[in-house]
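Single-letter residue listing:
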Amino acid sequence: MADDLGDEWWENQPAGAASSPELTEEGHVWEPRRIVPRCMYHTVGGVPGDKWRTMKASDGEGRGDTEMMQQETAPVPALSKKTRQPKECFLAQPKETKENATKTRKRRKKKITDVLAKSEPKPGTPEDLQKLMKDYYSSNRLVIELEELNLPDSCFLKANDLTHSLSSYLKEICPKWVKLRKNHNEKKSVLMLIICSSALRALELIRSMTAFRGDSKVMKLFAKHIKVQEQVKLLEKRVVHLGVGTPGRIKELIKQGGLNLNPLKFLVFDWNWRDQKLRRMMDIPEIRKEVFELLEMGVLSLCKSESLKLGLF
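From a predicted model like this one, the values you see are computed outputs, not experimental measurements.

**Considering unusual backbone geometry**
For step 1, the next point in the chain: With a phi angle near 70°, L162 is a residue other than glycine that sits in the positive phi range.
For step 2, the next point in the chain: Of note, L162 is situated in the loop between α7 (143–148) and α8 (166–173).
For step 3, the next point in the chain: A relative accessible area of 40% places L162 in the partly exposed class.
For step 4, the next point in the chain: Of note, K188 is a non-glycine position whose phi angle comes to about 60°, a positive value.
For step 5, the next point in the chain: In this structure, K188 sits in the loop between α9 (177–183) and β5 (192–195).

This is how it looks when you write it as structure tokens:
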């Protein structure tokens, strides 16, 4: 109706017409329609548009309208100033089980104590001493020189079979000890020499040979709390029949002239005894070296002349 008029119809109305409302055929007051944004007041089924976004439309028309409203009113996500960088992902390694741990464990090196603890003790023999001498001198001696170190079987006494005490063993190898002791009058010398690995072991041996020694004079020949010069003076003052000590101190007394080996008749090694680490005297490198050095200081020559006998206790 208003589109057919040449001018705007509301501009040609009289002045009083604006104040009087126009009535429709039904008797309602007619007012001009205001155009508002659809997203603000559009309702579907009596529900405002801003709430309708969260509801699910049941029919086709409502679904289309709601999709349009969501496109119009959906907020645009703000761009973050800091872009998140991808984090590195580390895979957790599986823990080793006990079975794998035992497989990768290094083998423990066997020690001499482990071997000796499992093996039964065997009595020493003259062949053991001969073999040790060859092994010790093989690196710095010629074949001819090694043959000269061989000792005759006649110079060895019966070895201990691990059933004897020291007194019973000495009585067996030296049944005429009382006669020898009475005939010995030389100073700076002994008739019998017992070589062991330590001073404590020497004291034990002296206590264990009480039944054999009787009235014999015994002297301690080790370095613990006793100076060499004091021992030399004691050997010069009195006659000594038995000497018990370590190879290092006996070797030192021979060097200083305090001990003469010519009257010596018996040389006994404390061969089979083992310390707390299950080591024998000849298993200790320091003691083994001193024993062989002592043998070269006149003992081997006395053995070959058969004036000296060797025993392994």
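**What to know about the packing of aromatic side chains**
For step 1, the next point in the chain: Going through the model one piece at a time under the given rule, you end up with five aromatic pairs.
For step 2, the next point in the chain: Geometrically, the ring pair formed by Y137 and F292 is tilted, given 5.9 Å between the ring centres and 55° between the ring planes. Taken as a pair, Y137 in helix α6 (residues 126–137) and F292 in helix α14 (residues 285–304) lie far apart in primary sequence, 155 residues in all. Taken individually, Y137 and F292 each receive the classification buried, so the pair is uniform in this respect.
For step 3, the next point in the chain: Grouped by ring-pair contacts, the aromatic residues Y136, Y137 and F292 constitute a single cluster.

**Topic: the pattern of salt bridges**
For step 1, the next point in the chain: Per the stated rule, a full pass over the model turns up eight salt bridges.
For step 2, the next point in the chain: Here R141 ties to E296 by a salt bridge, and the two come within 2.4 Å at their closest N and O atoms. Of this pair, R141 sits in the loop between α6 and α7 while E296 is found in helix α14, placing the two residues 155 residues apart along the sequence.
For step 3, the next point in the chain: Judged by its relative accessible area of 25%, R141 is partly exposed.
For step 4, the next point in the chain: Note that R280 is salt-bridged to D283, the shortest N-O span being 3.3 Å.
For step 5, the next point in the chain: The exposure class assigned to R280 is buried, which follows from its relative accessible area of 19%.
For step 6, the next point in the chain: Connected through salt bridges with shared partners, the residues R201, E204 and D270 form a single ionic network.

**As for the packing of helix α13 (residues 247–255) against α14**
For step 1, the next point in the chain: One way to put it is that α13 packs onto α14 with a least axis distance of 9 Å and a crossing angle of 30°. The angle between the axes of α13 and α14 places the two elements in the roughly parallel class. In this structure, α13 crosses over α14, and the sense of that crossing is left-handed. Here P247, G248, I250, K251, I254 and K255 of α13 lie close against α14, whose contacting residues are I287, E290, V291, E293, L294 and M297.

**Observations regarding the pairing of strand β7 (residues 242–245)**
For step 1, the next point in the chain: Here β7 shows no split at all, with L242 and V244 on one side and G243 and G245 on the other all buried.
For step 2, the next point in the chain: Looking at chain direction, strand β6 (residues 218–221) and β7 are connected through four bridges and run parallel. Pairing of M219 across the sheet is with G243, part of β7.
For step 3, the next point in the chain: With respect to chirality, the unit in which β6 leads through helix α12 (residues 228–237) into the neighbouring parallel β7 is right-handed.

Calculation notes
- Residues numbered from 1 in each chain as written.
- Predicted model: local features only at pLDDT ≥ 70, side-chain atom pairs only at ≥ 80, totals over all residues.
- Heavy atoms only, no water.
- Helix = DSSP H or I, 4+ residues; strand = E, 2+ residues; numbered from the N terminus.
- Buried < 20%, exposed > 50% of the residue type's maximum accessible area, 1.4 Å probe, protein only.
- Phe/Tyr/Trp six-rings, centres within 6.5 Å; stacked < 30°, edge-to-face > 60°.
- Salt bridge = Lys/Arg side-chain N within 4 Å of Asp/Glu carboxyl O.
- Axes fitted to C-alpha atoms, helices over the stretch in contact; angles between N-to-C directions.
- Parallel < 35°, antiparallel > 145°, perpendicular 65-115°, else oblique.
- Left-handed = near helix turned anticlockwise from the far one by under 90°.
- Contact = heavy atoms within 4.5 Å.
- Pairing = 2+ DSSP bridges.
- Right-handed = clockwise from strand over helix to strand, strands pointing away.

Read these as geometric descriptors, not functional statements.
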